[in-house]
Each structure stands twice: as C-alpha cells, then as structure tokens.
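# A closer look at the structure
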Amino acid sequence: MAEATILVAHDQFSCPVCLELLKDPVAIPCGHSYCMGCIKNCWDQTDHTGVYSCPQCRETFTPRPVLRRNNVLAEVVEKLKKTGLNPPPAQSYAGPGDVPCDFCTGRKFKAVKSCLTCLASFCETHVNPHYEGAAFKRHKLMNAIGNLEQKLCAEHQKVLEVFCRTDQMCICWLCTDEDHKSHDTVSAKKERTGKQKQLGETQTEIQQRIQERVKVVEEMKQAVESLKRSACIEIKESEKIFTELIRSIEKIHTEVIELIGDNEKVVVNQAEGLIKKLEQEIAELSRRNAELKQLSETEDHIHFLQNFQSLCAPPEAGDLPSVTVNTGISFGAVRKAVSDLKDHIEDFCKRELVKITKTVNEVAVDSLQPPEPRKRAELINYSCQLTLDPNTAYREICLSEGNRKVTWGEIQRYPDHPERFDSWEQVLCREGLSGTRCYWEIEWSGGGAFIGVTYKGINRKGGDASCGLGFNDKSWSLYCSGSSYTAWHNNNQTAITAPCYPRIGVYLDFNAGTLSFYGVSDTMMLLHRFKNTFTEPLYPGFWIGSDSPVTICQLN
C-alpha cells in the first residue's frame, strides 16, 4: 500500500513535458505545474505567435506569464526524492522504428497515439489531455504513425481527407473546389472501404499461393528426404555389387597369374630335367674322351691293343631332344588376351556408365521436378524470348516484326550460308533450348503450317524428307491445318482430332523429356505430347505454306 502511495505521489509531482520529477517547479495561471526549463522551452517556440498555451489543457495566455519558482512545491519534491523510491518509468523510450512523442523533451518516450487535428504524436502521459480536456473532444486520434506532415495537403496545409478517383490521389476538401472541381471524388474512408475489399481479395490470392507453395515445398522436402534415403541404399548396394565385381576381377587376375605360373613351372621343370640329363651325358662323354686321349698317347702297344676294344666301342645311340625356349615372347599371346579383356571391360563399363548416368538423372529429375503446369498462367511463368534466324530461312520466305513473323514473299537476297534450308520452306530460331522448362506461343493462319523443334544437326540441303521438321529422328513437330492436326516424329505420324486453334502453345520440359502442344483460347487443350530423352539443345522452327504466316507471340 505504501509503495502504491509513493507511485501516485511520483506521478503527481512529475513534469508533464519531461516526465521526470519537477526541477525548479513553477505553476502557470491554469494551475498545472512544470519544470521551469521545460515550460520556458515550450513557450520560447511560440514567441512568434504571441499566444502561449498550457501543454496539458491548452488554455491560452496573453501576454506571456511571468514564471516564478514555487518554493513549497520544490520542498515537497525534495522530500519525495529523499525517500529513495524512484519507481521505473511506466513507459518505454522510443527506439529505432518507433514513433517518438512530439511533446517529450530530452530523451523521448514512445508515442501511443497520433492526432490528425494537432498533427502530433503523444506518449501515454501527453495524450491524457485529449481524453480529459473538452477542447480535444473533436480531435481525431489514431494509433501512432510517423511522417504526419505527409497527411497534409502541400498546397493548403489541410488534412488529406478526400480521394480523387480521376487522378488517383489523396486531396483535402479545399482541393475539391479548385484543381479537382469536376473530378470524381469521394471521402478517403469510402475509397478505403472499396479498396479494402480488393486488398482482401489480393490477400486471399496471395495466401492461397503461399499455401500452394508451402505444399510444394513440403512435397519437395519429402522428395529430397526420400531421394537421400534411396541414394544411401543405392550407394550401399552399388558398393556391394562393385565389391563383388572387383573380387571377380581379382579372382580372374589370380587365376591368370596362377595359370601363367603353372605353365612356367611345367616348362621349366621339363627344361631342367633335360638339362640335367644332357649334363650327365656330357660328363660321361668327357670321361670317355679323356680315356681315349690317354690311350692314344700311350707307347705301350700291348696296353693299347688290350683296351682298344672296350674304349673305342661307339656310344649308345640317342637323339638330341628337340627343345626350343623362346625367352622373349613366351607369353605374348597371354598378354594380348589379358589386354583385350581389359579393353573389352573398359568399353563395356563406359557404355553401361552412360545408361546408369541417364537412369540416375531421370530419377533425380522425377524426384525434384516442380509440378507440371496445367494452367496458361502457370505455363507463362516459363515463357522464353525467341527470334527467327535469317541465316536459316528459305530464300522465298520473309522475316518481319523484329524477326518474329515469317511469311511467303519474293526471293530474298539472303547470302549463302551452310545453315540455310535450300529446298524446304522452313526457318529456325536463333535460341537453342536445353536443361530447363520453356514455353512459347505461335499464331498461324491459312492452309497449314508445321510448328516444331529440332536438333541443330538437321539436314538443310536438298529436298528429301530428312530436311523436314518431324520427318527424321532429329525433330518433332505438329502440323496444323484448318480441319485437323498431325503430330510428326521420325517420319511417323499421329492424327489428332480437335477444334481449330489459331494460337498454339508449345511447352518444353527438357530434363523431363516432354514436348507438349496446346490449343490456346480461354482454356488450354492438350493436343499432343511427345516423350523422349533429349540429348542436345532444341531449336524451335517452322514450315509454312504459301498462305500461312506464322508469328511468335510476345508473352511478357
């Protein structure tokens, strides 16, 4: 209870301007008290008007009252200070982004209300006169806002309360009788009501789009997590398979080494056996040769004749073994066979790696691709800028409208160029499309036209079918006529039954391998979709009949 009493006393003896305990307190004629410095500063700012008012009750005084220190009040404030109980301020000071109170001096408190009549902002203390004083009853208060000067008419310095629909701007009432006299004007409140509904619709649409994108984000996060799990499993399984493959190769390696070693051992053993036998024969023959030499040199005729018969007997008959050891290329055929095996395995692995890479990429694309667009507004998000390439145009077709329109005409003075079609009435775009999603629209009329895409390597010379869009394995096209459609690829056709659309939308999802053709009107009708693995950039192109101009539409 005592603390509450101190709090009340603290508020009663606080300056309404600085919100601190009164310093050199003075009482002005209306009865309100202020720090002498605070009220002096306030009145100094209004010296040019000659009218001085109380910041709280707004009572005015003329002439300026003489300020004298209230000694009794000063003593009470000093006693309150000596109690040592200084409660924390009930308000927070204005920080970055806050609206400061216009009536606080020194460090300013945060404003809680702004007055459109006073064109000032007030903290909780300084706004009290607007609640208590009768003079402020008609003032318009609102939550604190900054830049109040922007709420004033620059010409008349009046509050902006009217909206001019003709000029789409806020004005004051005086403006309605001058520059905006004949304009369609309404009160700002009424215009706000109408625009509030529009704002709500926009907000609803944005919230819906946020929800759609949040859903897509969640789906993609789930897809990523699923992909991570699948990738982890596949890495482990692949490591297991490659480990087994490496073991198989190491086993073949060991078997080949052992095979070479076994064959080496057999041959060496055979050779070493023959060498030993021949060395024994050489030793025996050497011994007999020594005995014969000794016999031939003896001078004892009787000894010679007695041993001649046994020593001169011919050696046992025996053919020399037919053995050839080729030290240079003994296992050349084996080395070649192993080398051929290495080349075969490497080539096989390269081919299989291409297939594996393609499969992995398709899995990744399918897992993380955003949803397939279904509405025209979604397709237009992928619109691309296309221009026709004069270097590819047949000589009897003309390009116009910034190289976006192609028609039949007189022979053009196009220079010779290796990329020009010399027999087919065709032209390609400059832009090659790859690795992303692209959408464009075409307007056509007349008897018929081919709308398609092709790899850059399509044949340009001659009149055979290999040059036509859709008549080879390098291009895909849709033939449009007044009564039917036909999809073409690799000289194979698919007939399509659908109404005639003068505007055709083409949607390419390169990574997903889809090329879709739509009939464009109030709604989108899918005419045909090609499914393929695209390996090179695709160039949009057209074949036109003599009375069938084609125009690339501007979508942005």
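Definitions and cut-offs
Residues numbered from 1 in each chain as written. Predicted model: local features only at pLDDT ≥ 70, side-chain atom pairs only at ≥ 80, totals over all residues. Heavy atoms only, no water. Buried < 20%, exposed > 50% of the residue type's maximum accessible area, 1.4 Å probe, protein only. Helix = DSSP H or I, 4+ residues; strand = E, 2+ residues; numbered from the N terminus. Pairing = 2+ DSSP bridges. pLDDT = per-residue confidence, 0-100. Contact = heavy atoms within 4.5 Å. Axes fitted to C-alpha atoms, helices over the stretch in contact; angles between N-to-C directions. Parallel < 35°, antiparallel > 145°, perpendicular 65-115°, else oblique. Left-handed = near helix turned anticlockwise from the far one by under 90°. Expected span 1.5 Å × (residues − 1). Arc of directions from axis to C-beta. Polar contact = N/O pair within 3.5 Å; in protein donor to acceptor, adjacent residues only side chain to side chain. Phe/Tyr/Trp six-rings, centres within 6.5 Å; stacked < 30°, edge-to-face > 60°. Salt bridge = Lys/Arg side-chain N within 4 Å of Asp/Glu carboxyl O. Patch = residues over 30% accessible without salt bridge, like charges linked within 9 Å, V, L, I, M, F, W, Y side chains within 5 Å. Areas by Shrake-Rupley, 256 points an atom, 1.4 Å probe, with all protein chains shown as cover. Lys, Arg positive; Asp, Glu negative; His and termini not counted. Charge placed at Lys NZ, Arg CZ, Asp CG, Glu CD. Disulfide = S-S within 2.5 Å.

## Some thoughts on the pairing of strand 14 (residues 437–444)
- Within strand 14, 7 of the 8 residues are buried, leaving the element largely enclosed by the surrounding structure.
- Note that strand 14 and strand 19 (residues 503–509) share 7 bridges and pair antiparallel. The residue of strand 19 that forms the bridge with Tyr 439 is Tyr 507.
- In terms of strand pairing, strand 14 meets strand 23 (residues 550–552) through 3 bridges, oriented antiparallel. Residue Ile 442 lies in a different strand from strand 23, and its bridge partner there is Ile 552.

## What about the confidence of the model for the chain?
- Summary statistics for the chain give a mean pLDDT of 85 and a share of 91% for residues scoring 70 or more.
- Of the regions scoring below 50 in pLDDT, residues 1–8 engages in 2 contacts with residues more than four places distant in sequence or in other chains.

## Quick look at the environment of His 301
- Within the element layout of this structure, His 301 appears in helix 6 (residues 301–311).
- Its relative accessible area of 64% is what places His 301 among the exposed residues.

## Let's talk about the packing of helix 5 (residues 188–296) against helix 6
- Running from N to C, helix 5 and helix 6 cross one another at 155°; their axes reach a closest spacing of 10 Å. Relative to helix 6, helix 5 is oriented roughly antiparallel. The crossing of helix 5 and helix 6 is left-handed. For the pair helix 5 and helix 6, contact is made by Arg 288, Glu 291, Leu 292 and Leu 295 and by His 303, Phe 304, Asn 307, Phe 308, Ser 310 and Leu 311, respectively.

## Looking at helix 3 (residues 71–82)
- Its 12 residues give helix 3 an end-to-end C-alpha distance of 17 Å, which sits within 8% of 16 Å, the value for a rise of 1.5 Å per residue.
- Within helix 3 the residues assigned to the buried category are Leu 73, Ala 74, Val 77 and Leu 80. The buried residues of helix 3 occupy one face: seen down the axis, they fall within an arc of 120°. Helix 3 presents Val 72, Glu 75, Lys 79 and Lys 82 as exposed residues on the side facing more than 90 degrees away from its buried surface.
- Between the side-chain oxygen of the N-cap and the backbone nitrogen of Val 72 there are 3.3 Å, and the N-cap of helix 3 in question is Asn 70.

## Examining the pairing of strand 18 (residues 492–496)
- Sheet analysis places strand 17 (residues 485–489) next to strand 18, joined by 5 bridges and oriented antiparallel. In the sheet register, His 489 faces strand 18, and the bridge partner there is Asn 492.
- The hairpin formed by strand 17 and strand 18 contains 2 residues between the paired strands, and Asn 490 there has a positive phi angle of roughly 55°.

## Here we look at the packing of aromatic side chains
- Scanning all chains against the criterion turns up 16 aromatic pairs.
- Considering the side-chain rings of Tyr 394 and Trp 408, the 6.4 Å spacing of their centres and the 70° angle between planes classify their relative orientation as edge-to-face. Of this pair, Tyr 394 sits in the loop between helix 8 (376–380) and strand 11 (397–400) while Trp 408 sits in strand 12 (residues 405–408), placing them 14 residues apart in sequence.
- With relative accessibility at 13%, the residue Tyr 394 sits in the buried group.
- A residue is classified by how much of its surface remains accessible, and Trp 408, at 28% relative accessible area, is partly exposed.

## Let's talk about the pattern of salt bridges
- Under the criterion given, the structure shown has 22 salt bridges.
- Where Glu 212 meets Arg 213, a salt bridge forms, and the shortest distance between an N and an O atom there is 4.0 Å.
- Residue Glu 212 is classed as partly exposed on the basis of its relative accessible area, which comes to 41%.
- For Arg 213, a relative accessible area of 42% translates into the label partly exposed.

## Re the environment of Cys 438
- Within the secondary structure, Cys 438 sits in strand 14.
- Residue Cys 438 is classed as buried on the basis of its relative accessible area of 5%.
- The spacing of Cys 438 and Ile 380 is 58 residues in sequence and 8.9 Å in space, taken between C-alpha atoms.
- Excluding residues that lie within four positions of it along the chain, Cys 438 makes contacts with Tyr 382, Cys 384, Leu 433, Val 506, Tyr 507 and Leu 508.

## Things to note about the sheet that holds strand 21 (residues 524–531)
- Spatially, 11-12-23-14-19-20-21 is the arrangement adopted by the 7 strands of the open sheet, whose pairing is antiparallel. A single partner strand is all that each edge strand has here, and the edge strands are strand 11 and strand 21. Put simply, the sheet's adjacent strands are angled 20° from each other on average, direction ignored.

## Re a nonpolar patch on the surface
- Together, Phe 242, Leu 245, Ile 246 and Ile 249 make up an exposed nonpolar region whose accessible area comes to about 360 Å².
- Here Phe 242 shows up in helix 5.

## Considering a negative patch on the surface
- Taken together, the side chains of Glu 155, Asp 167, Asp 177, Glu 178 and Asp 179 present a region of like negative charge at the surface.
- Tracing the backbone through its elements, the reader meets Asp 179 in the loop between strand 9 (169–171) and strand 10 (185–187).

## Regarding the side chain of Thr 486
- As for its position among the elements, Thr 486 is in strand 17.
- Excluding residues that lie within four positions of it along the chain, Thr 486 makes contacts with Ser 477, Leu 478, Tyr 479, Gln 493 and Thr 494.

## Focus: unusual backbone geometry
- Here the residue pair Thr 62 and Pro 63 is connected by a cis peptide bond, since its omega of 0° sits within 30 degrees of zero.
- Along the chain, Pro 63 falls in the loop between strand 4 (60–61) and helix 3.
- Of note in this structure, Gln 168 is not a glycine but carries a positive phi near 55°.
- Structurally, the position occupied by Gln 168 is in the loop between strand 8 (162–164) and strand 9.
- For Gln 168, a relative accessible area of 49% corresponds to the partly exposed category.

## Some remarks on the state of the cysteines
- Taken as a whole and assessed by the stated rule, the structure comprises 0 disulfides.
- Between Cys 18, a cysteine without a disulfide, and Cys 38, which holds the nearest cysteine sulfur, the sulfur-to-sulfur distance is 3.8 Å.
- Of all cysteine sulfurs in the structure, the one in Cys 480 sits closest to Cys 500, which takes part in no disulfide; the separation is 8.1 Å.
- Among the residues examined, Cys 500 registers a relative accessible area of 44% and is labelled partly exposed.

## Some details on the sheet that holds strand 8
- Spatially, the 3 strands line up as an open sheet ordered 9-8-10, and their pairing is antiparallel. At either margin of the open sheet sits one strand with a lone partner, and together these are strand 9 and strand 10. For this sheet, the mean angle separating the axes of adjacent strands, direction not counted, is 35°.
- With 3 bridges connecting them, strand 8 and strand 10 associate as antiparallel partners.

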